[in-house]
Amino acid sequence: MTCRRLVLPVLCLLLAVLGTAGQAQAVGYRYWSFWDRNSTADTADTWVYATQGPSTARPSDGDVQGFRFSVSEDSKDSAKPRGAADFATICAKTPAREGSKRVGLVLDFGTSADAPSGSTPPRPRTACARIDDDATTADALAAVAKPLRYDTNALLCAIAGYPTTGCGEPVADDRPKTSASPGTEAKSNPSDGKGNGDGGPSVGLLAGIAAVAALGAAATWQARRRRN
């Protein structure tokens, strides 16, 4: 029987609200994403999701690469590194040297909304790595951002020791979106009707479910009264 044929169509609305509650629990993953800074004469500087991992990517002298710790479902909605990403600025105090190359790194440790429970993310920072000509991005990280932590599948889990635990774990992706501006971030307020702070349905959503349930009960009572 379709919702249009039900005696109590308000129950359909209840089902729709419950469906929305389930959708709010979409799963994301907490991890370090890897980015290349695309700088050409024809386009403005932009971050592009890297097509290789840091252990195989071999940047050239003058390149800028970035890492961002955040929670996202995939590369399409992954947060980009924040802050300045100009090679001349990052490597201003690191002169060129024959037989080596310089790579600018932007390390964005993310926001408190993306941090594992009990962790406080360090402030974003930049570093200039001087490495051998044939070195990889992983070598550049090891030169300026130890300690690094990898899992058994060589997935990068921690930069400069952050985070101390976890590696690409799934999490409920119902937190506020992270900010794109340095030094700012979206904050969750359990009393603002947008979230309850524990990954469950929001207060407003629960109130809506309760209201619809009450209407359904009233309609049922009214229908029975008419039949009697």
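The coordinates are above.
Okay, so let's go over this structure. This is a predicted model, so every value here is computed, not measured. (Residues numbered from 1 in each chain as written. Predicted model: local features only at pLDDT ≥ 70, side-chain atom pairs only at ≥ 80, totals over all residues. Heavy atoms only, no water.)

**A few points about the overall build of the protein**
Logical step 1: Of regular secondary structure, the protein possesses four helices and eight strands.
Logical step 2: Expressed as a percentage of its 228 residues, the buried residues of the protein come to 36%.
Logical step 3: Put simply, 64% of the contacts in the protein that link residues at least 6 apart link residues at least 24 apart.
Logical step 4: Summing over all exposed atoms, the protein offers an accessible surface of approximately 13,300 Å²; the carbon and sulfur share of this is 54%. (Helix = DSSP H or I, 4+ residues; strand = E, 2+ residues; numbered from the N terminus. Buried < 20%, exposed > 50% of the residue type's maximum accessible area, 1.4 Å probe, protein only. Contact = heavy atoms within 4.5 Å. Areas by Shrake-Rupley, 256 points an atom, 1.4 Å probe, with all protein chains shown as cover.)

**Some words on helix α3 (residues 137-144)**
Logical step 1: Every buried residue belonging to α3 is among T137, A138, A140 and L141, and all of these are buried. Angularly, the buried residues of α3 cover 155° about the axis, an arc narrow enough to put them on a single face.
Logical step 2: In this fold, the buried residues of α3 make contact with β1 (27-38), β3 (64-72), β4 (100-108), β5 (125-132), β6 (149-150) and β7 (156-158).
Logical step 3: Taking the backbone nitrogen of A138 as reference, a side-chain oxygen 3.3 Å away marks T136 as the first, capping residue of α3. (Arc of directions from axis to C-beta. Polar contact = N/O pair within 3.5 Å; in protein donor to acceptor, adjacent residues only side chain to side chain.)

**Quick word on unusual backbone geometry**
Logical step 1: Residue P147 is reached from K146 by a cis peptide bond, and omega for that bond is 0°.
Logical step 2: Along the chain, the position of P147 falls in the loop between α3 and β6.
Logical step 3: Cis geometry marks the peptide bond from Y162 to P163; its omega dihedral reads -10°.
Logical step 4: Despite not being glycine, A154 shows a phi value in the positive range, around 65°.
Logical step 5: At A160, a position not held by glycine, the phi torsion is positive, near 55°.
Logical step 6: What makes A160 partly exposed here is its relative accessible area of 30%.

**Some words on the nonpolar core**
One recurring pattern in soluble globular proteins: nonpolar side chains tend to sit buried together.
Logical step 1: Formed by 20 residues in total, the largest nonpolar core has its most connected members in W32, F67, L105, L107, L141 and I159.
Logical step 2: Broken down by secondary-structure element, the contributors of at least two residues to this core are β1, β3, β4, β5 and α3.
Logical step 3: At three residues, the largest contribution of residues to this core is made by β4.
Logical step 4: V64, A85, C91 and C128 belong to the second-largest nonpolar core, a separate cluster that totals nine residues. (Core = buried A, V, L, I, M, F, W, Y, C linked by side-chain atoms within 4.5 Å.)

**Details of the packing of aromatic side chains**
Logical step 1: One pass over the structure, following the stated rule, counts six aromatic pairs.
Logical step 2: Geometrically, the ring pair formed by F34 and F67 is stacked, given 4.8 Å between the ring centres and 10° between the ring planes. Placement of F34 in strand β1 and of F67 in strand β3 is noted, with a sequence separation of 33 residues between them. Both residues of the pair, F34 and F67, count as buried.
Logical step 3: With a centroid separation of 6.0 Å and an interplanar angle of 75°, the aromatic rings of F109 and Y162 are classed as edge-to-face. In this pair, F109 sits in the loop between β4 and β5 while Y162 sits in the loop between β7 and β8 (170-172), placing the two residues 53 residues apart along the sequence. (Phe/Tyr/Trp six-rings, centres within 6.5 Å; stacked < 30°, edge-to-face > 60°.)

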